[in-house]
Structure formats: C-alpha cells, structure tokens
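Single-letter residue listing:
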Amino acid sequence: MSALGQRHPMLDGAAKVTGAQTYAADLRIEGLTHGAILTSPHAHASVVCVDAAEALADPAVLGVFWHATMPAHRYNSSIWFDGQQAPEDEQMFPPVVRHIGDRVAVVVATSALAADLALRRLRVTYEPLPARLSPPQADAARGAPFAADGTPTFLNPVAELHHTRGDPDAGFARAAWTVETRVSTPKTHHCAIENHIAIALPEPGGRIRILTPCQGVHAVQAVVARALGCAATDIHVIKTPIGGSFGGKAEAILEPIAAELVRRLNRPVCLAYDRARTFCATRMRASSQTRLRTGFAPDGRILARETETRIDIGAYVTGGHYLPGSMLQRHVRLYDVPAERYSGRALYTNTPPTGAFRGYGSPQINAAGEIHLDLAARQMGLDPVALRLRNAILPHAIEPYTGLDVGNARLRDCLSEGARAFGWDAQRAQSGGTGRIRRGTGMAAAAHVNGCFPGSDEATTMTMALRPDGRVEMVAALHDLGCGSNTTLAQIAAEVLGIRPVDLAITEADTDLCGYDIGTRASRMTYMQGEATRRTALRLAEALLAAAGLIRNTAPALLELTGGGVADRHSGDVLTLPALALALGRAGLPLPSATVTHEATANPSSHAAHFACVEVDTMTGLVRVTDYLAAHDVGRAINPMLVEGQIHGGIQIGIGYALFEDVDIDPSSGAMRGDSFAHYAMANALEMPPIAVLLVAGGEPTGPFGAKAVGEIATIPVAAAVVNAVNDALGTALTDLPLTPERILAALAGA
Amino acid sequence: MSYLAPTTLADLTDALRRLSNPCLIAGGTDLLIGAGAMPEGVPILDLGRMADLQRLELAGDALILGAGVRVARLADDPLVRRHAPALADAADQFGSVQIRNRATLGGNVAHGAAAADLTPALMAMAAIVDFLTPAGPLETPLAMALLTRPIVPPRSVITALRLPLRGAPLPGAFVKLGRRQEPTISRLTLAAHGQWGKMVLVAGALGPVPRRLTQAEAALNADDGTFAEALSHEVAEAIPGRASMAYKSAAITALGLDLLARLRTDRGRA
C-alpha cells in the first residue's frame, strides 16, 4: 500500500498524548543548576548598578551576572549562519534596557526556587529614560539606525523598502473606482504550551552543549557564537522535542546566556522562562498599520495599487530588517496587479521585540489587503469571490518582486471550488437581518511561499542508511515543531523505499551529526525537506537494490523495493531489510547509505481561499464564528490528516487574530496587559466553528510527489475572512484588529 | 514546608490555633495559577477533606451551603436550582468545566475578586457568611463581609453561606458578559432574586464588590419599560471616567434583556 495520502498518525503522537514524551524541562541532569533572569520594569532605562550582596548571601546562590560582568558582544538573534549580514543591536544584558521585560541580570542557584528567591533580593539602580511607545512617536525619531562604527542608535526607520513597478499613477488615472483603506493589526503572541527554556552543559574538551526546543540548531549555534565571541565549533546544539513554537522559538534568546553561564561556572545550567516572561521577554508578531489604495477598471480588474505599511518591530531588530521585503513578496503573489507602488517601513519602539510567527508578515499584509478588497467590492457592488477571481494570479505567473515562477498555483480553483462547496451564494443571501443577532458571510484568499529561495542557503543535506537492525536511519537537521513534519517525511521516504513510516529512525537535529540546514521556517519542511527526503531515498533505493543484487546474485533491475524489503520482480520473493542487513554483514559488505544535498530551484506559491459565517450580537459586540470552509492548494496531501490538523490550528490562531488576541501594551507605560492566559484571550474550543477542509487538485512539479506547504498559509487568510464576515453582517467598515466588542459597538454607533 | 489537611472541625480549630498565618487552600483554582500567588515558607492548610464544609441542606428557613461545596455541584444540585436559581445560573457559567469541578463556594467568596461570579447572586439573596473564628462562630452579612479586607479574619475560615428563604421558591437569574464564552473573566454580571415586584438586582464586575443597582431594580420591579435605560444610566454612574464606561453602559442593556428572558423562563417553570 502506498504511504502517500495515508492518514498516518504522528510518529510521536502516542508518546505525547500519554505524557511519555520527554521535553527539555523533564530532563534530569546530574548537577543541574538553575538560572533566573531579572527583567526590566522600565520601558527604557540605564542599568546603573546591580547590588547582589543580599542575594549572594544564600549559599545556594552560585553567582549573579549582569552587563558589567557579561560579554557585551552585539548580535542579532535571527541569523541562521555566521557571517550573515544582519544588524546587530542585541546584547545578553544591555547597559540600557529597551523594553519592559528586557534582561537586567541573571541569578544562578542550585535550585530553581533558590534562584527565584535570590532574584527578589537583587537591588537594581535604574536611570529611567524617555520611551518611544507608539509608532507615530517612534517614526518621528529619524536618523541612521546604526552609527558608522556599527553601534545602534535605535533611530528610525530601522528598515525601509520602496518598490515600484509599472506606472501606478497612469493606472489610477484610468481607474473607474479608486478605494482607499487603512488597516491596523495588533501584536500577538504564539502561546505555545511549552514556555521558553534552554539547558547548557559543559562537554569534555571545553565545548558547550546546548539542549533546546528550537527551530534551527545551526541558527542557535551561529547566534551563540556571535554573542559569546567564540567559534561556532565550540558550540554543540541538540534540539529537544518541542511543545509548540509557531516561530516563537526560531530565535536564540536564552541559549547564549545559558552557554555563557556554563563558561563561568563549568556546571550544567537550565534557564527557563515562566508564562509572563515568555509573553514579554521573547518575541511576538509585529503590529502593522497599512494604507492601501487600489484603482479598478469598471469590471473590477485592478489597474494600480499603492501600499504603505508601517511595522512596529519593538525594541530590537531581530528579522525586522527583511520584514518589509517578506511582506511585499507575499503581497504580490496573490493578484495580477499591473502597476504597483509599495513602501514598507520598520520602526523601533520601546516595546518587546518581535520576530517570526506563523507567516512572518503575511498575516499582517494579507489582513490589510483582503479587508481592503472586500470593502472595495462592496463599494463597486461586486461579489467578493467574483472580484478575486477576476484578479487572481494564474498558474505559472511570474511573481514580480523576485521574478520567480509561482508554479502550478491553483488559486482560482480554491476560490471557485471553495465557494461552491461552501454554498457561498446561498450563505451570502442570508446575511444581515434587523434583529439583535446579525449574520454575515465573508471570505479571503491568500498566497504564501514554499521556502526561502532565492534567499541564501535554501538547501539541505540528508543522509539515509540501512542500519544493522534493518531500519533506515534518516539524518538531517530536522526540526518537527509538533505538527508532524517528521511523520510526513517518513511517509515520503517509506513510499520510495517500500517500507512503513515507522521503519524510519529519525534523529533530532544535532549540529554534530547533521548537515547544515536553516531550520524549520518559511513553510519549507514538506517542500524542501520533503524533496530532499525523496531524493535521498531514491539514492538509497539504488544502493539497496545494488546491494541486494550482490546478495541474491541478480541484476538490480530485476529487483524492487516493496513490502518492507527487496522483492524479486518475477518470483515475488522478498528479502526483508533486516535480512538484507544481516546478509551484507555476513558477506563483509558495507551497509548501503546515501547522502544528498538538495538545493531549491524554485519557490512556488501555496494558495488558499477561506469562507466564514459569523453571528454578531449587536448589543454586546460579541462575535461567534458559526461555519467555516478552508479550500487549499497544497499540491498533494502526503498526509491529509496532518494537513487538516495544520488548517484547523491555523484557523484557531486566525480567529484569535481577528477577534481576541492582543498583547495590549499600555501606551503610557509600555507594560503588557495581556501577559497571561487570564488576560490574553485566544479562540478556545468553544469559539471554534465546524470546519470543512477542501483540498483542490493540483500538484507542484518541483515538490515531493507534487506536495507543497500548508503550515503558514493555513492561518493567513483567516482574520480577513472573519472580519469581512462581520462587516458583511453589520454593514460596517471595521479595519482595526482585533474586532473587540468595544470596537464593534462603536462602529455600530457611528454607522 | 508544612502541610495540614484536617478532616474534622475540632482538628481544624486546633490547626488554626497553632499555625500562624497559614495559607488556606480548597479548590486551588485561584492560588495555583498566579506566579507567586502561593506565599513561600508558610504552612498550607488544606480544607479539601473537611466533610463539615460539604453540607448542602435546608435548615429551618435557610439554605445552608458548605464553604467547601464545589461550583459544579452548585450548578446541578436540585435544592440550589429550586431555591437559589440565580446562584445555580452563576455556578453554571463559572470558569470552565475543569474550574467548576475544583473551585469552591468559600474560595470564591474569600478571595473577593471584583469579577467573582458567585457573589452577586449570593448578595441578591442576602446571603450570610458563617465564619469559624478563634472566638467561636461568627455570622456576617455577605455585603458587609466583602467590604472588609481580608474578607476572612486571621485564624478563621468560612464554614458556610446561608441563604435566607421566604416561603415558596422565588424566581432568580444570573447573566454574564465576558470576552468569550468560557473560561472568561466577567466584564459585567447581573443577578436578580425575589418575588416579582420585589426583586433585588445586583451587578458584578463594576467595582471591587458587587453593587446593588437600586434605580434599575426599581425600574425592573415597576415593569414600566425603563429597565434598560436605568441599567445603562446606573452603570455609567458607577464607573465615571473609566475607559470601559461607554462599552459597559451600552452592553448592560443586553444583559438586562438576557436577565429578563431567564427570569421569565423561570416564572414559566414555577
């Protein structure tokens, strides 16, 4: 039976649901010490002095470290290889803290409790400085963000991108309709179940081993080396099973400090954040304020578009310097826009830093673009689906920012088949009403990338080998973030090798064992790692057939891999892989292996069209999403169950983005009000609608067995679909996310 | 760390006398979630094994509810549903399934959170708090007890809440508004209890303690069509200048409608 298209359970699923899975916090390590990090209560302040005398009086306390005693090397936590061009503005313990939650000092003690108690005994002298908390305030602080010697000035904009194509002014001049919309999106947090944690240990020979639930071991290695000012070879990083990430663990945050503490104390150190610090001292999604203006022909065809987006990236740049470009790259993949003017500007503020979060810029620019397009459809009296179909990109369109072919992009199928399956026209006909509860129907489309190509390093190296026990080991820097990517890869390998997915032995990523890889990001697992898996498996298959040919004294062409072994095409006799391994060992022949480096040559688009029904209580402003359909072009679903799981999860994050989620930073103090699950509401089970998933037929020639990504795109169109449904229900033009009850009632009062 | 879990009132009295400033814990749904919410280095006194705190019975002209009664039981118990429908409603909408299964009546009163869901319903029924203090039993009207901080005096525990009953079961209802269905921190609640024409109306989450809305109560009892307007007006008066004022004074009218709908359902049943 083919392994493709099977609803194979996650390989680690049973261990997870039974509690048997061992996460970093569960590791029992001899002599482990615990660090606790003191974070700043000020949005902007000089850390003049940390008086640790009282804390050090406890014999359980092994040390207190702060900026006067820790390395001052500047680094950028978002890099994935050493030498990458990235603005370096972060320090382990900056002399000037830049947000509430910035790192001030670390206490190391023999127990976590002792470290926490000692933390409360630190006496810190701060000199508060004026803080820039809002984007307009920050935008006024203009200047070069870095001095000539590389010192950050934290002036704005930290990044700016302008892009013009065609003649937008001529397009607007010809337009029958010109529509302008302003959309704002909040800062939101990943809310992974596992908080941030890193464990570092001394290794014999002076190296430092880091155990961390991360998205890229080589990225962690590169960041730690920069922060410590040491060679990357001194740092050995191993990924631990991860309790959710969504981008939150893409950057090294605790790892450099843990590693440095090992250098100081020569003992294993565990640094773990609690929930409040995971909220305010790690990363989150950047907020955005976007103005869009689009000129349309009488039939709804887009003639010109102008987009101006301002992104609040918080206290440190992390990946914010390429965020305007990432947003543009996704923005221009959706519709055929003949004339485009785009400007993206990233701003420092004295609020917690932002970084990767499922879609990295896409949810922001998509919410803006798709809410705008819906309001335009209303103004022109056009059906939202028809308007999108009129402008949707076609398969093999050339994406204008990077000049790449979008591949077999089935956006139009997502729109038309999704609308049909959802019963769009009938649902839409039931919109509105005059009672307290109003019903609305909305939709949105999305495009997303498959990997980082043409960015640097979009490649991966994988080794597969037959083990003496007959299992096939698969070694690459794989980082399953909990969504089952390893299971998908195992199915791909199993398909080629004629074995079962459970016959693959997959290692966690380890810098000492695995070839270089940029990690799980940019929806690259299925498309990039999957194709690397397929190619490596093909190479291993050749080697297995050749080896079996030697054992059976047969031409390899007369053999095939099937049923867990090598079968004779004529007789059907199967030599199982354990039997083959045994026979090879007895014959003194090497066990077959294959190593392949797969380099990307394309970056096709994944597409989706999402459809939502909502009910809005016009007296309380509360919204319930009552029905949902997600149509996706994933090329081919290697594991439909995992694809659906990704889509369900993406919708959960997206409904939160539309209706509930906001870390809610106090504009006067910079304090985060939503730093706990009591005050940061997500869409939980009760808020989730019934979801139908429709996978349109397609197939991407450059993807493994035709497969493309689903991880990030699953969340990208959700917020706009829900907001559009609310606007449809109420006749409003709500454009500030999330649609809180207050905003809804205010819009109704003003309507 | 010392930990005691008495099972009898005598043992509890003894423990309260011996321990200085113990941390009392019952369901733990408030104490265990907050960072640093459990004080360090103090003895823990677990009330969860006290059979005496599990009473739920009619005694004379009162409904006695032991402080240790779980919220889920309040929601389902036939006596509570019959004699204290507002409390049963509040219990039914309290926290989430998991929280309702752990949290206790006494804990909700003792912590006195502004957004507590049970206290408005209890206040609407003029509940009396039974404390066990070093000087012996002490009874205090809930409305007064909530104005004292700490609500539970030193070396004391809440043993029960007593709801005075007047003849036949009376209508009552509780409605709430949060940011999502559940669990959610209440942003506004309304509880009503009493004979039609003599209802008591109490709002929660409008200030540190539940607040009796006298004007809206009069409008409700007069049944003259001014209830919604009175609610809106009184909420605006209760939180002048607050950022949430505009929203809450509008949304309270929705809660008013919901409350009336529930009360009418109850009247139909009775």
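Keep in mind that this is a model prediction, so the values were computed, not measured.

**Q** What is the right way to read the overall build of chain A from this model?
**A** A tally of regular secondary structure across chain A gives 19 helices and 28 strands. The C-alpha atoms of chain A give 27 Å as radius of gyration, which agrees with the globular expectation for 751 residues (27 Å, within 12%). Residue burial in chain A is summarised as follows: out of 751 residues, 62% are buried. When contacts within chain A are restricted to residue pairs at least 6 apart in sequence, long-range pairs at least 24 apart make up 79% of them. As displayed, chain A has an accessible area near 25,400 Å², and 54% of this comes from carbon and sulfur atoms. Looking at chain A, you have 63 positive and 73 negative side-chain charges, and the mean spots of the two groups are 2 Å apart.

**Q** Sorry if this is basic, but what is going on with the overall build of chain B here?
**A** Within chain B, the regular secondary structure consists of 11 helices and 12 strands. Rg of the C-alpha trace for chain B: 19 Å, near the compact-globule value of 18 Å for 270 residues, within the 12% margin. Its C-alpha atoms give chain B principal-axis dimensions of about 60 × 45 × 30 Å. Restricting to contacts in chain B with at least 6 residues of sequence separation, those with at least 24 account for 56%. Between the centroid of the 27 positive side chains of chain B and the centroid of its 24 negative side chains there is a distance of 2 Å.

**Q** What's the story with the interface of chain A and chain B in this structure? I'm lost.
**A** As a measure of interface size, the accessible area lost when the parts come together is often cited. Counting residues at the interface gives 21 residues for chain A, matched by 18 residues for chain B. A buried area of about 1,700 Å², summed over both sides, lies between chain A and chain B, and 56% of it is on carbon and sulfur atoms. Looking at the side of chain A facing chain B, the largest losses of area belong to Met619, Leu686 and Glu742 of chain A, adding up to 27% of the total buried there. Our count for the contact surface shared by chain A and chain B stands at three salt bridges. When residues of the side of chain A that touches chain B are traced back to their parent elements, those giving at least two are helix 3 (112–119) and helix 19 (741–750) of chain A.

**Q** Sorry, what's going on with the sheet that holds strand 23 (residues 565–568) of chain A here?
**A** The strands making up a sheet are joined through hydrogen bonds of the backbone, oriented either antiparallel or parallel. Residues and elements named next belong to chain A. In spatial order, the strands read 22-23-24; together these three strands make up an open sheet with antiparallel pairing. Either end of the sheet is taken by a strand with one partner, and the two such strands are strand 22 (559–562) and strand 24 (574–576). On average, adjacent strands in this sheet sit at an angle of 30 degrees to one another, irrespective of strand direction. Pairing geometry for strand 23 and strand 24, over three bridges, is antiparallel.

**Q** Sorry if this is basic, but what is going on with the packing of aromatic side chains here?
**A** What characterises a pair of aromatic rings is the spacing of the ring centres plus the angle enclosed by the ring planes. Residue and element names in this part refer to chain A. Taken as a whole, this structure holds eight aromatic pairs over all chains when the rule is applied. Joined through ring pairs, the aromatic side chains of Trp80, Tyr322 and Tyr360 make up one cluster. Over the face of the ring belonging to Phe154 we find Arg98, whose NZ or CZ atom lies 3.7 Å from the ring centre. Taking the ring centre of Phe172 as reference, the NZ or CZ of Arg293 above it sits at 3.9 Å.

**Q** Sorry if this is basic, but what is going on with the packing of helix 9 (residues 214–222) of chain B against helix 10 (residues 227–238) of chain B here?
**A** Two quantities define a packed helix pair, namely the angle between the helix axes and the distance between the axes. Residues and elements named next belong to chain B. The geometry of helix 9 relative to helix 10 is characterised by a closest axis approach of 8 Å and an angle of 175 degrees between their N-to-C directions. It follows from the interaxial angle that helix 9 and helix 10 lie roughly antiparallel. Within the contact between the two elements, helix 9 uses Thr214, Gln215, Ala216, Ala219 and Leu220 and helix 10 uses Phe227, Ala230, Leu231, His233, Glu234 and Glu237.

**Q** For this particular structure, what's the right way to read the packing of helix 15 (residues 525–552) of chain A against helix 16 (residues 577–587) of chain A?
**A** Residues and elements named next belong to chain A. At their nearest, the axes of helix 15 and helix 16 sit 10 Å apart, and the two run at 60 degrees to each other. The pairing of helix 15 with helix 16 is recorded here as oblique in orientation. The chirality of how helix 15 crosses helix 16 is left-handed. For the pair helix 15 and helix 16, the contacting residues are Leu544, Ala547, Ala548 and Ile551 in the first and Leu577, Leu580, Ala583, Leu584 and Ala587 in the second. Residues belonging to the contact of helix 15 with helix 16 are distributed by class as follows: nine nonpolar, no polar and no charged.

**Q** Would you mind going over helix 1 (residues 9–18) of chain B with me for this structure?
**A** One turn of the α-helix equals 3.6 residues, which is why residues spaced by three or four share an orientation. Residues and elements named next belong to chain B. Of all the positions in helix 1, only Leu12, Ala15 and Leu16 are classed as buried. Projected down its long axis, helix 1 shows its buried positions confined to an angular sector of 100 degrees, all on one face. Set apart from the buried face of helix 1 by more than 90 degrees, the exposed residues are Ala10, Arg17 and Arg18. On the buried face of helix 1, the contacting elements are strand 1 (3–4), strand 2 (23–25), strand 3 (44–46), strand 6 (128–133) and strand 8 (157–164).

**Q** Where do I start with the environment of Ala612 of chain A in this structure?
**A** Residue and element names in this part refer to chain A. Assignment of secondary structure puts Ala612 in strand 26 (residues 606–617). Given the relative accessible area of 0%, Ala612 is considered buried. Residues Ala612 and Val722, 110 residues apart in the sequence, show an inter-C-alpha distance of 6.0 Å.

Calculation notes
- Residues numbered from 1 in each chain as written.
- Chains lettered and ligands numbered in written order.
- Predicted model: local features only at pLDDT ≥ 70, side-chain atom pairs only at ≥ 80, totals over all residues.
- Heavy atoms only, no water.
- Helix = DSSP H or I, 4+ residues; strand = E, 2+ residues; numbered from the N terminus.
- Rg over C-alpha atoms; globule rule 2.2 N^0.38 Å.
- Buried < 20%, exposed > 50% of the residue type's maximum accessible area, 1.4 Å probe, protein only.
- Contact = heavy atoms within 4.5 Å.
- Areas by Shrake-Rupley, 256 points an atom, 1.4 Å probe, with all protein chains shown as cover.
- Lys, Arg positive; Asp, Glu negative; His and termini not counted.
- Charge placed at Lys NZ, Arg CZ, Asp CG, Glu CD.
- Buried area = accessible area lost by both parts, 1.4 Å probe.
- Salt bridge = Lys/Arg side-chain N within 4 Å of Asp/Glu carboxyl O.
- Pairing = 2+ DSSP bridges.
- Axes fitted to C-alpha atoms, helices over the stretch in contact; angles between N-to-C directions.
- Phe/Tyr/Trp six-rings, centres within 6.5 Å; stacked < 30°, edge-to-face > 60°.
- Lys NZ or Arg CZ within 6 Å of the ring centre and 35° of its normal.
- Parallel < 35°, antiparallel > 145°, perpendicular 65-115°, else oblique.
- Left-handed = near helix turned anticlockwise from the far one by under 90°.
- Nonpolar A, V, L, I, M, F, W, Y, C, P; charged D, E, K, R; others polar.
- Arc of directions from axis to C-beta.

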